[in-house]
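What follows is the residue order along each chain.
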Amino acid sequence: MSGPIETSRRGDVVTVTLNRPEAGNAVDLETARALHRAVVEAEASGALVMVLAARGKVFCAGGDVVSMAESADPGAHLDELAGAMHEALAAMSASPVFVVAAIDGAAAGGGLGLALTADYLVATPRASFLTAYAGVGLTPDSGVSSLLVRSVGMHRALALASSGRVLSAEEARDWGIVAEVVASEELADVVARRAETFARTVGPALGETKRLIRSATETAYVAQLADEQQTIAEAATTPHAQERIRRFVERSAAQQAN
């Protein structure tokens, strides 16, 4: 049986694919831990580039809200889930493996954090980017509070986080999040070519280039992840968040029934 993360390799390029399309590739504990393993294994294998892709119509819907709603202790559950996801993202950020993300659907909440952690983003017109936390009464995690500011600036980040505004692929490109926007039918080929070109032309220097550029801005990144983890766990215990999560699950169930 396929797991929540699938991996394959071609030359110096490893492809890691989110494989929970029936759940919008939402991240549960199993997925977060599998993603961490995939990143560690890609680095250990000597790969130079990792392609991050997803099956289905949604790139990543963020944390698994259904599992949050079903948990007897939402705060403890989110603390564990955010911690597992943050380990994966911190490993991806620190890894010398250069990450190219192929985004052909929504990147929401923690999915936005996952996308922002990549080094080079290629999106299609079907892609969209949103923080999503406000809708369920939660605070950002998965590095969103840090990476979004670095990508778009403090006031744009605050506007996105508070309003729930959805950025189109073209807007995300204009705001500096996305490197390229290509047709959906061309995404796989374009990403494969970019990954192969990065590995071939830059070679081993690619990892050092990534380290130098990221080190200029990421001194406090791990500390920010820890703060996010504690804050979202506390937010999940409030009656407001629990009511918003319940409504979200009910809407989702109604949409699936129709």
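As the structure is a prediction and not an experimental result, all values here were calculated from the model. (Residues numbered from 1 in each chain as written. Predicted model: local features only at pLDDT ≥ 70, side-chain atom pairs only at ≥ 80, totals over all residues. Heavy atoms only, no water.)

According to the stated counting rule, one finds 2 aromatic pairs in the structure shown. Between the aromatic rings of Phe 98 and Phe 198, the centroid separation amounts to 5.2 Å while the plane-to-plane angle is 70°, which identifies the pairing as edge-to-face. Here Phe 98, found in strand E5 (residues 98-103), pairs with Phe 198, found in helix H8 (residues 187-202); they are 100 residues apart in sequence, far enough to count as distant. We note that Phe 98, like Phe 198, is buried. For the pair Tyr 120 and Phe 198, a centre-to-centre distance of 5.1 Å together with 70° between the ring planes defines the contact as edge-to-face. Residue Tyr 120 is located in strand E7 (residues 120-123), and its partner Phe 198 is located in helix H8; the two are separated by 78 residues in the primary sequence. For the pair Tyr 120 and Phe 198, one class covers both residues: buried. Three or more aromatic residues joined by ring pairs make a cluster, and in this case those are Phe 98, Tyr 120 and Phe 198. Between Arg 156 and the ring centre of Trp 175, over which it is positioned, the NZ or CZ distance is 4.2 Å. (Phe/Tyr/Trp six-rings, centres within 6.5 Å; stacked < 30°, edge-to-face > 60°. Helix = DSSP H or I, 4+ residues; strand = E, 2+ residues; numbered from the N terminus. Buried < 20%, exposed > 50% of the residue type's maximum accessible area, 1.4 Å probe, protein only. Lys NZ or Arg CZ within 6 Å of the ring centre and 35° of its normal.)

Take the packing of helix H3 (residues 74-94) against helix H10 (residues 221-235) next. Look at H3 against H10: their axes get within 8 Å of each other, and the N-to-C directions meet at 160°. By the criterion of interaxial angle, the relationship of H3 to H10 is roughly antiparallel. Every pair of crossing elements has a handedness; the one defined by H3 and H10 is right-handed. Together, Gly 75, Leu 78, Asp 79, Ala 82, Gly 83, His 86, Leu 89, Ala 90 and Ser 93 of H3 and Tyr 221, Leu 225, Glu 228, Gln 229, Ile 232 and Ala 233 of H10 make up the contact between the two elements. A breakdown of the residues in the contact of H3 with H10 according to their chemical character gives 8 nonpolar, 5 polar and 2 charged. (Axes fitted to C-alpha atoms, helices over the stretch in contact; angles between N-to-C directions. Parallel < 35°, antiparallel > 145°, perpendicular 65-115°, else oblique. Left-handed = near helix turned anticlockwise from the far one by under 90°. Contact = heavy atoms within 4.5 Å. Nonpolar A, V, L, I, M, F, W, Y, C, P; charged D, E, K, R; others polar.)

Before going further, it helps to examine the pairing of strand E3 (residues 49-54). Taking burial as the measure, the 6 residues of E3 include 5 buried ones, the bulk of the element. In terms of strand pairing, strand E2 (residues 13-18) meets E3 through 6 bridges, oriented parallel. Looking at E3, one finds that Leu 18 is bridged to Ala 54. Handedness of the E2-helix H1 (residues 29-44)-E3 crossover: right-handed. Of the pairings in the sheet, the one linking E3 to E5 comprises 4 bridges and is parallel in character. Looking at the pairing, Leu 52 lines up with Ala 101 of E5. (Pairing = 2+ DSSP bridges. Right-handed = clockwise from strand over helix to strand, strands pointing away.)

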